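Below, each chain spelled out in residue letters.
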Amino acid sequence: MSADPRLARSRQQQPTTVPPPPPPPPPAAEAHPDSTKMAVDGTNDAQPQEGLVKDGFKLRFCTVCASNNNRSMESHLRLATASLPVISFGTGSLVRLPGPSITQPNVYSFNSTTYRAIHAELAHQNTALYTANGLLPMLARNLSIKSYPERFQDWVPGKPRLDHAADKGAPGTEAGVVDVVITCEERCFDAVLDHLLTKGGRLNRPVHVFNVDIRDNHEEALVGGRAILDLAVRLNECAARERERLGGEGWEAGGGRAREGFDERVPEILGEWQERWPGLPALWTLAWF
Amino acid sequence: MNSATSVASETLSQLESARALALSDAAYYNQIVPGVLPIIGAGANASLELRRWGADFLAETFASPTLGSEDKQRLSLQVLETLRENLETVDDTGVIKSVVQAAASIYPLVFRHILSNPNDVQNWQIMAAIKSNILRRMDSASPGIRICCIKFVQRVVQVETPGLIADPRRPEQNEISLALVPRDHPLIPPQNLEAEASGLLDRLLSILQEDTSDALLVTATLNSLGTLIRSRPSISNKIISTVLNFNPLKLANSPMTPKIKVMVKSMERTTRALLMNIIKKSPENPLNPRIHQYLERMHRMRLDVFDESNRKRPAPSEPTDGLDPAKRQRLGAEALSEPPSAIPPLPPGPVSFSQLFTLTRDEGAKNFDVQAIPSDLVVKILVPMLIRIDKGQMDNAINAVRARYLSLSKSQPRSAAEAAAIATGKAPLDEEDEYEPDYQPTEDTEQIINKLDNAPPEGLLPERVPDAPLAPFKLPQAPPLTEEQIEDYGGGTVRRVFGMMSTLDDSASRPKVPKPGFNRLAASSYDRDAWVTVISRLATRASTGLEAQPNIVKSEYKTVSRKGNFSISNTIREALFNYIMADWKRRIDVASSWLSEEWYNDRIQLEAMRAPAEDANGDGGNLPAPTLHYKKWILKLLDAILPYMDGKDKVMIRFLSEIPEVDRDVLDRVKKMARDPERVNLAIAVIHYLVLFRPPVREICLDALEDLWKNYDGAKTGSAKILTKWRPEVLQQEAMNGAHEDVKS
């Protein structure tokens, strides 16, 4: 059951007008430009495509980097384009973007400064410079995904996110919880773990936290986004398969790997993924919201 | 079938819109939850899809931070039956996971309800049934469900352990915990709950203690422990100790498949995150030093494990043979008791040195403090005692201590995990003991600390040394100095040397020691004179020849002021000059010895120049002439000193007699003094002295005197006296001229 990718993409952008969550997630795109999913070594041929588009059960994702601008947003876009529910955050104290020199970064506050405002300010400051170093194109991309950078530590998991319905990847994340958090740097991974430990897991809800170490530049973010999509698709595939098993039949009838549920297969999935992406050292833990 | 599916999907979409409503305003939960229960709940015979949705929805509802806890508490009673029914009848991972999550959220709510409604036996029984159902699953269910059970158990432990009471007057404001339960509560007697909590905590911690290899369970446990440690001080020490005895790297023994690698890293990282969080949140925790120690050790072990290049032994000091190390330890201790000669075995556990050497069973002898005997008495007693001692007995005793020592040193390198396994008394076999209410965690801590103190320092193992080859370290070349810097630093050096000298000046007032005479070495005594010699030679000889550049040959008097060409010698000369001028009367000897050096150096220079010039057949005219300094500096000194010269000062006489060379220019300076009527006599005295005692310059001195006599009115009488002796003809000629003039006029 495949669909025209262009159609799929246009359909995906529709949700902008509908604030209430659609009962089932929208019919998702089947295909997706191959280049985005092709691993560097070309091993993950066509498999993810099927997983990408499965309608029905979907894991909800959350991507996290330092400033919620480059790496987390690149992967946010990737996952959203693959019609996976996704939200994104930054763990820094402030949004820090490169400035005219290394000692003069442009600093903005989270949760209030919109990408549009940052874009306007930087364009005013020095259009040529910020176009050349990729900041303006990045911000232009970001403002088409959601309106402002959000801080992870200020996020209240479980608080409905109906006001973010216009964001890309929003369908499915209305309840304000996710199943998987993917950070893009060890620092962010530590910050996420620390924050979750401090919060104490009041929701009693398990969350798989991953770290995929991506260096903070545009090129690496592209590669990292592809890798994160690969990981997300694999995880989603596995979780959906567990969901498909009807009742206990699958559990009782299956043997070996088929008996394994999603959660316990995560280390294996990540291990396989790591073989495919040896340049992006990964971490994982099961934490609690 | 088809219609059934469509009905189901229609119901689902209706439920979804109801959920959306609740998400937009939490107040709707109060109506929606009771509304959906008949569809999803007990006795509804709902389809799996509906049950899944229902379980998810309930979990979401009771987790929602937007719904008030009063509302939640009321709703919780309504859903209890549904949860139980789902648990008991549905066999679907998704449903069970969500139901257990919901149960974890609900447990404290129901608990609080029971607190205020001690007679609601029915609801409490349903809750108890849910609890026991979940606990049953904890060991057998699929890992996805087990992690949710772990979280449930953590919640139960948190509720059933006393917490802090913020405000005793308003129980509804306080965190739900055992502390709120009255001692005589009929349904939930605190003693039972505390015992249950203790047992459940052990079960929770056993996940870390068992030889489990499932990173999922381990990280789920670790990540749920943080809140217990923080909010339940009575059990935090026990939890931290267990975590510290957990070795996240033990899986590293097995072959490193990608999956194992992920798991090892994951467990290590999660343990670290938890411990870091503890340190951060309670900086004055007494266990913090141990936590730091643990983190450091873990860091090194991780480097070991993941350093692919030299992974010989993956994880250190972990028993691979499956033997319980605690038992092995006891066996070792028993073996010690075998020596026949009535030597008592060492007590198990860590021993002190005195215990190690104590061989007697006599309590009185054991408690006797030898230090009470004065040492001279000990010496007197000891020697006869050693003579009389039975050799066999002595050898026996030595062997016994030696055997003890050997077995101790063998048994000590146990892993910290084992040490603590013993210390916490955590023998899994007798779980009943864990329920004892008089359990004292503080003792455990102490024991563990003792054990760890005896553990070998892991950092000393040779494998820990990093691989980096030790290359000879080469300092990078410093950037070249600018001229100003050179001048600055050079000047600074010179100033320091003179600073040294001025401190020596003070001691110069000490009683004079007899001068060693001519044969002395120039600078052997490190007093001021020695320094003067050193400095003046530095000035004159050190860089001699290096600065003689053709372009300065003709302007030798201007070298000092030449810009951009720093000369250390001239800087020293300037400094010497200033030093002398600062107190010239007392430092005139410095001046004369310096000038002697200058003169000597000038001579040497000239000779050195002349030698090659002669070789080149007198073609030396083209060679650069050396820069001569003596003349320049003597004149400069005189110009500086003379204005201050007092008419009765004899210093000048001495100075001019001591300097190595006097020429007309010098005498000109002296003559100038004669313009001053006060100092005429001094000028004449100086010259007279030179005439008397410096024959080489007698002629020019007399010339000068003659000039004085002729042209300086005030000097006439003084100079005439000397001239009558040395050049009477001048006087006569003058007299004749005078006479002649008289005649003429």
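What you are looking at is a predicted structure, and each value in this text was computed from that prediction instead of being measured.

**Focus on the overall build of chain B**
- Each helix and strand counted, chain B has 30 helices and zero strands in total.
- Excluding contacts between residues fewer than 6 apart, the proportion of contacts in chain B whose partners are at least 24 apart in sequence is 69%.

**Things to note about the overall build of chain A**
- Of regular secondary structure, chain A possesses 10 helices and seven strands.
- With 289 residues in all, chain A has 57% of them scored as buried.
- Pairs at least 24 apart in sequence give 71% of the contacts found in chain A among residues at least 6 apart.
- By element, 56% of the accessible surface of chain A is carried by carbon and sulfur atoms, the whole surface being about 11,500 Å².

**Digging into the packing of helix α22 (residues 568-582) of chain B against helix α24 (residues 630-641) of chain B**
Residues and elements named next belong to chain B.
- Contact pair α22 / α24: the axes reach a minimum separation of 11 Å and the direction vectors enclose 30°. In this view, α22 runs roughly parallel relative to α24, as classed from their interaxial angle. For the pair α22 and α24, the crossing hand works out as right-handed. Here R573, E574, F577, I580 and M581 of α22 come into contact with α24, specifically with W633, K636, L637, A640 and I641.
- In the contact of α22 with α24, the residues fall into seven nonpolar, no polar and three charged.

**Examining the interface of chain B and chain A**
- If you look at the interface, chain B gives 52 residues, while chain A gives 48 residues.
- Summing both sides of the interface, chain B and chain A together bury roughly 4,300 Å²; the carbon and sulfur share of this comes to 59%.
- Applying the counting criterion to the chain B and chain A interface returns six salt bridges.
- Scanning the region where chain B abuts chain A turns up 20 residue pairs in polar contact (both at pLDDT 80 or more).
- Among the secondary structure elements, those contributing two or more residues to the side of chain B that touches chain A are α1 (2-24), α3 (48-63), α5 (93-116), α7 (143-159), α9 (215-231) and α11 (258-281) of chain B.
- By residue number, the principal contributor to the side of chain B that touches chain A is α11 of chain B, which donates 13 residues.
- Classifying every residue of the side of chain B that touches chain A gives 18 nonpolar, 18 polar and 16 charged.

**Remarks on the nonpolar core**
- F61 and L235 of chain A together with F111 of chain B are the most contacted members of the largest nonpolar core, which has 166 residues in total.
- Non-local contacts of F61 of chain A, meaning those with residues more than four positions away in its chain, are made with L79, L84, P85, V86, I87, V178, V180, I182, A232 and L235 of chain A.
- Ranked by size, the runner-up nonpolar core spans 64 residues in total, among them V532, I653, L682 and L731 of chain B.

**A closer look at a nonpolar patch on the surface**
- Taken together, L377, I381, L382, V383, M385, L386 and I387 of chain B make up a surface patch of nonpolar side chains, about 660 Å² in accessible area.
- Structurally, L382 of chain B is set in helix α16 (residues 375-388).

**Some points on the sheet that holds strand β5 (residues 180-183) of chain A**
All names here are of chain A.
- Taken together, five strands build an open sheet; the order of strands is β2-β1-β5-β6-β7 and the sheet is mixed. Edge strands, defined here as strands with exactly one partner in the open sheet, are β2 (86-90) and β7 (282-288). Strand-to-strand twist across the sheet, computed as the mean angle between neighbouring axes with direction ignored, equals 20°.
- Here β5 pairs with strand β6 (residues 206-212) via four bridges, running parallel. What sits directly across from V181, in β6, is V209.
- The strands touched by helix α7 (residues 186-199) within the sheet are β1 (61-65), β5, β6 and β7, with β7 carrying the most contacts at an inclination of about 10°.

**Description of the confidence of the model for chain B**
Residues and elements named next belong to chain B.
- Across chain B, pLDDT averages 77, with 74% of residues at or above 70.
- By mean pLDDT, the top-scoring element of chain B is α7 (92), and the lowest-scoring one is helix α13 (residues 325-336) (40).
- Counting interchain partners and residues more than four positions distant, the pLDDT-below-50 stretch residues 425-443 has 15 contacts.
- Within the model, the stretch residues 456-465 combines pLDDT values under 50 with 15 contacts to residues more than four positions away or in other chains.

**What about the packing of aromatic side chains?**
All names here are of chain B.
- Applying the stated criterion across every chain yields a total of 15 aromatic pairs over all chains.
- A centroid spacing of 5.9 Å and a plane angle of 75° characterise the contact between Y107 and F152, whose relative ring orientation is edge-to-face. With Y107 in helix α5 and F152 in helix α7, the pair connects residues that are 45 residues apart, well separated along the chain.
- Geometrically, the ring pair formed by W594 and W633 is tilted, given 5.5 Å between the ring centres and 55° between the ring planes. Taken as a pair, W594 in helix α23 (residues 588-615) and W633 in helix α24 lie far apart in primary sequence, 39 residues in all.

**Quick look at helix α10 (residues 262-276) of chain A**
Residues and elements named next belong to chain A.
- Between its terminal C-alpha atoms α10 stretches 20 Å, which fits the 21 Å expected from 15 residues at 1.5 Å a residue.
- Approximately 25° is the largest bend angle found in α10, and it occurs at E268.
- Summarising burial for α10: 13 of the 15 residues are buried, a large majority.

**Regarding the pairing of β2 of chain A**
All names here are of chain A.
- Most of β2 sits inside the fold, with five of its five residues counted as buried.
- The two faces of β2 match: V86, S88 and G90 on one face and I87 and F89 on the other face are all buried.
- Running through helix α4 (residues 71-81), the crossover from β1 to the neighbouring parallel element β2 is right-handed.

**With respect to the pattern of salt bridges**
- Taken as a whole and assessed by the stated rule, the structure comprises 52 salt bridges over all chains.
- Note that E220 of chain A is salt-bridged to R215 of chain A, the shortest N-O span being 3.9 Å.
- Ionic pairing is found between E60 of chain B and R19 of chain B, a salt bridge with its closest N-O pair at 2.8 Å. Of the two residues, E60 of chain B sits in helix α3 while R19 of chain B sits in helix α1, which places them 41 residues apart along the sequence.
- Counted as one network, the salt bridges with shared partners bring together R664, E699, D703, E706, K710 and R727 of chain B.

**Topic: the packing of helix α27 (residues 680-693) of chain B against helix α29 (residues 716-726) of chain B**
Residues and elements named next belong to chain B.
- Contact geometry of α27 with α29 gives a least axis separation of 10 Å together with a crossing angle of 15°. With respect to their mutual orientation, α27 and α29 come out roughly parallel. As for how α27 packs across α29, the hand of that crossing is left-handed. Residues I684, H688, V691 and L692 of α27 lie in contact with α29, whose contacting residues are G718, S719, I722 and W726.
- A class-by-class count of the residues in the contact of α27 with α29 yields five nonpolar, three polar and no charged.

**What to know about unusual backbone geometry**
- Notably, S83 of chain A is not glycine yet its phi reads approximately 60°, a positive angle.
- Position of S83 of chain A relative to the elements: it lies in the loop between α4 and β2.

**Focus on the state of the cysteines**
All names here are of chain B.
- Counted under the stated rule, the structure contains zero disulfides over all chains.
- Not engaged in a disulfide, the cysteine C149 finds its nearest cysteine sulfur in C148; these two sulfurs lie 7.0 Å apart.
- Overall, the relative accessible area of 0% leaves C149 in the buried class.

**Re the environment of N126 of chain A**
Residues and elements named next belong to chain A.
- Relative to the helices and strands, N126 is located in helix α5 (residues 115-132).
- Remark: the alpha-carbon pair of N126 and P100, spanning 26 residues in sequence, is separated by 8.6 Å.
- Separated by 3.1 Å, the side chain of N126 and the backbone nitrogen of L129 make a polar contact.

**Here we look at the side chain of E74 of chain A**
Residues and elements named next belong to chain A.
- Checked against the element boundaries, E74 lands in helix α4.
- A relative accessible area of 8% places E74 in the buried class.
- Once residues within four sequence positions are removed from consideration, E74 is found in contact with R141, A221, L222 and G225.

**Concerning the confidence of the model for chain A**
All names here are of chain A.
- When pLDDT is averaged along chain A, the result is 80; 76% of the residues meet or exceed 70.
- Per-residue pLDDT stays below 50 along residues 8-51; that stretch engages in 74 contacts with residues further than four places along the chain or on separate chains.
- This stretch, residues 247-256, has a pLDDT under 50; its non-local contacts, to residues over four places away or in other chains, come to 12 contacts.

So, how was this worked out
Residues numbered from 1 in each chain as written. Chains lettered and ligands numbered in written order. Predicted model: local features only at pLDDT ≥ 70, side-chain atom pairs only at ≥ 80, totals over all residues. Heavy atoms only, no water. Helix = DSSP H or I, 4+ residues; strand = E, 2+ residues; numbered from the N terminus. Contact = heavy atoms within 4.5 Å. Buried < 20%, exposed > 50% of the residue type's maximum accessible area, 1.4 Å probe, protein only. Areas by Shrake-Rupley, 256 points an atom, 1.4 Å probe, with all protein chains shown as cover. Axes fitted to C-alpha atoms, helices over the stretch in contact; angles between N-to-C directions. Parallel < 35°, antiparallel > 145°, perpendicular 65-115°, else oblique. Left-handed = near helix turned anticlockwise from the far one by under 90°. Nonpolar A, V, L, I, M, F, W, Y, C, P; charged D, E, K, R; others polar. Buried area = accessible area lost by both parts, 1.4 Å probe. Salt bridge = Lys/Arg side-chain N within 4 Å of Asp/Glu carboxyl O. Polar contact = N/O pair within 3.5 Å; in protein donor to acceptor, adjacent residues only side chain to side chain. Core = buried A, V, L, I, M, F, W, Y, C linked by side-chain atoms within 4.5 Å. Patch = residues over 30% accessible without salt bridge, like charges linked within 9 Å, V, L, I, M, F, W, Y side chains within 5 Å. Pairing = 2+ DSSP bridges. pLDDT = per-residue confidence, 0-100. Phe/Tyr/Trp six-rings, centres within 6.5 Å; stacked < 30°, edge-to-face > 60°. Expected span 1.5 Å × (residues − 1). Bend = angle between axes of the 7 residues up to and from the residue. Right-handed = clockwise from strand over helix to strand, strands pointing away. Disulfide = S-S within 2.5 Å.

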